[in-house]
Amino acid sequence: MSFPWAKPYEPQHPLMKWMDERLPIPRLVYNATGPGYPVPRNLNYFWNFGVLAGAALMIQIITGIVLAMHYAANAGVAFNSVEHIMRDVNAGWFLRYAHMNGASMFFIVVYLHIFRGLYYGSYKAPREMVWLLGVVIFLLMMATAFMGYVLPWGQMSFWGAQVITGFFSAIPVVGEPMRVWLLGGFVPDNSALNRFFSLHYLLPFVIAGVIILHIWALHIPGSSNPTGIEVKDEQDTVPFHPYYTAKDGFGLGVFLLAFVALTFFSPNLLGHPDNYIPANSLSTPAHIVPEWYFWPFYAILRAFTFNFLWIDAKLWGVIAMFASIALLFFLPWLDSSPVKSSNYRPLYRIFFWVLMADIALLAVCGMKPAEQPWVILSQLGAAYYFAHFLIILPIISRIERPLPMPNSITEAVLAKHADKPSETAA
Amino acid sequence: MVRPLGFLVGLGFITALVLAIFTTPLSNEPNAAYAFHKKARPLKLASDGILLPHWDKAQLQRGMQVYKEVCSACHSLNLVAFRNIADFGYTDGQIKTFAKGFQVPSINPDTGEPATRDGLPSDYFPAPYANEVAARAANNNALPPDLSLITKAREGGKNYVYSLLTGYQNPPANLPKELQPSTGLHYNPYFANLNLAMAKPLTDGQVTYADGTKSTVDQMAKDVSAFLVWTAEPKLIKRIQVGYAVFFFLLIFTVLTYLSYRNIWADKKH
């Protein structure tokens, strides 16, 4: 579906006509990311991050496929095969550092993409399916990143795998046998490493598949925009190409500059020194810390220290950690306010920023060792996290009185320019 | 239905957390070692930073000499091959001669028995012990770590290595009894638990530098730390040089995309 004023695809060249009648891929591209897809004219830079996340995935897949040509998924040689890539493979150091920091860059842009969705209410009708698929992609990304981190078979790889697969043993009765069955051993070893490598190679393509569904679902209602008002007529939109291809091109340039600065000038900034020590099942690192993008969830996991009801603390932590992401699946129905953009939601906006501060606090707690005051801060932080989504948000969305909204996207754009006459249209 | 259920689930988590808050002690287990532990002292090297870093070849040569004459008695350097030291400005002939000075494990071609032969440039630095058991047996059950990646594998990196090598001292008078070094251990405030198995490895004048540099403990520690920065990442300088080329290429790309973005949107208010 598209808007009635969307430019139709009319192939001119005989070859393109021939192609269009047999396999209309050019038509698909034209209607998806070309002049045939009308997009609201008022998107700000936060709308760049979807394209950037796609670019990050492509970079990960390309560098990853080449790395897999040199890497050996065997517990005896995995660590040294990574060092072989770093030292002896042509530009291997670049591929490895790009892949390692590419994961961080992927999470940075995806977190900004999710931030955009939360602030501007992109998860609301008629885009719930886009959001749900996005949460699926996020979960797949986390699984992929975790398994990828295990592959170099350093100390943090091994002990990270030990902690994460230990989640299964929190399940009563069947948990421990299930963990052993999944790992193929009592501790992560060669069989686990091979499984992780296989899945780490598979999941990015599953992610790519779900991204296609995500974009498909997006193109049914069309893109949202910072006002949250739906498109009403042609003057509210511009064709995706050349307007947003140009803007995304610039965004891509800035993204790559940040990526390159990290990869070439400080590639180990976000890593952990212990992962340059080969895995050793007999020596536990002083502090087992996950990669930065898992810190908030790790803090939630560790916040539960009390055996409440018949569930023990460890299982509470595991359930809460998964629930902290799973509740995002219900967000479109937890927030019943019809107003999308937080710009028009004065009350929600306050709690939204408290939530952002709370997640930042949880991230710091997840990075720190399990000592006071970090334990109590993570307990308070986790309590607010759940309170925000499950208690505060449903109440606010009922009692809030939104600010007056413009009638259309175009009206909002023109009003913005009328306020600032000195600023030329750009 | 979602909201009432969500409300109950939220209350469940919050109750569990509130109970956890009231049952978790607010004070930490005291860690006596923490007060005596020192932060690594900074070590400046030519390969530091991103502003025109380079290898100080003379220093790397000296550092390798310290490794070879001192550290290699106990520590392996498994990831470094003789051919790699071309980075220090050695010629192929010099590398061949250098490699020849080492005996590497081999097999007797006639009997198949384990044997040794002269090193070749393609060989790796031979390890001092045949295996971990032998290493522990010779070192009071402590395992000397492989040094190839040591400056990347420790918090503080080169600063830590330099501080540790120069940080041996007598235990302070107020050191609690349980932190006193037991037999076979040596006090060093830069080490995580203050006592390590390695005895003070460097003494003034221990090696004789070919370039006439005075071999003080401080100098040798600096040189070998510089060498170990190189062993951990021989592609460090190349990485930064390539980084500049890529960065400036992308900078031009980004400026062009920005201009084309402004140009395309010039007639469109947004």
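Provided above is the structure to which this section pertains.
Anyway, here's the lowdown on the structure attached to this text. (Residues numbered from 1 in each chain as written. Chains lettered and ligands numbered in written order. Predicted model: local features only at pLDDT ≥ 70, side-chain atom pairs only at ≥ 80, totals over all residues. Heavy atoms only, no water.)

1. A short note on the packing of helix α7 (residues 157-166) of chain B against helix α8 (residues 217-232) of chain B
Residues and elements named next belong to chain B. Running from N to C, α7 and α8 point in directions that differ by 150 degrees, and their axes come no closer than 9 Å. Taken together, the axes of α7 and α8 lie roughly antiparallel to each other. Considering how the two elements wind past one another, α7 and α8 form a crossing that is right-handed. In this structure, α7 contributes Lys158, Val161, Tyr162, Leu165 and Thr166 to the contact, and α8 contributes Val217, Asp218, Ala221, Lys222, Val224, Ser225, Leu228 and Val229. (Axes fitted to C-alpha atoms, helices over the stretch in contact; angles between N-to-C directions. Helix = DSSP H or I, 4+ residues; strand = E, 2+ residues; numbered from the N terminus. Parallel < 35°, antiparallel > 145°, perpendicular 65-115°, else oblique. Left-handed = near helix turned anticlockwise from the far one by under 90°. Contact = heavy atoms within 4.5 Å.)

2. Some details on the pairing of strand β2 (residues 114-118) of chain B
Residues and elements named next belong to chain B. Sheet topology places strand β1 (residues 103-107) next to β2; five bridges connect them, and they run antiparallel. Note that in β2 the partner of Ser106 across the bridge is Ala115. Hairpin connection between β1 and β2: a loop of six residues separates the two successive antiparallel strands, and Gly112 in this loop has a positive phi of roughly 80 degrees. (Pairing = 2+ DSSP bridges.)

3. Considering the nonpolar core
With 131 residues, the main nonpolar core has Trp131(A), Phe304(A), Phe386(A) and Phe389(A) as its most contacted residues. With 14 residues, the single largest contributor to this core is helix α6 (residues 128-150) of chain A. Split by domain, the residues of this core number at least three in each of domain 1 (43-223 + 234-270) and domain 2 (335-402) of chain A. Excluding residues within four positions of it along the chain, Trp131(A) makes contact with Ile114(A), Gly117(A), Leu118(A), Tyr123(A), Leu328(A), Leu331(A) and Pro332(A). If you look at the next biggest cluster of nonpolar residues, it comprises 43 residues, including Leu43(B), Phe82(B), Tyr162(B) and Leu228(B). (Core = buried A, V, L, I, M, F, W, Y, C linked by side-chain atoms within 4.5 Å. Buried < 20%, exposed > 50% of the residue type's maximum accessible area, 1.4 Å probe, protein only. Domains from an automatic or database assignment.)

4. With respect to unusual backbone geometry
Omega for the peptide link from His241(A) to Pro242(A) comes to 10 degrees, which places this bond in the cis form. At the junction of Gln372(A) and Pro373(A), the peptide bond is cis and its omega measures out at 5 degrees in the coordinates. In this structure, Pro373(A) sits in the loop between α14 (346-367) and α15 (374-399). One non-glycine residue, Asn140(B), lies in the positive phi region at around 55 degrees. The exposed category is assigned to Asn140(B), whose relative accessible area is 55%.

5. A short note on helix α1 (residues 2-23) of chain B
Over its 22 residues, α1(B) extends 32 Å from the first C-alpha to the last, a length consistent with the 32 Å expected when each residue adds 1.5 Å. Every buried residue of α1(B) is accounted for by Gly6(B), Gly10(B), Gly12(B), Phe13(B), Ile14(B), Ala16(B), Leu17(B), Ala20(B) and Ile21(B). On its buried face, α1(B) is in contact with α11 (295-303), α12 (313-326) and α15 of chain A. (Expected span 1.5 Å × (residues − 1).)

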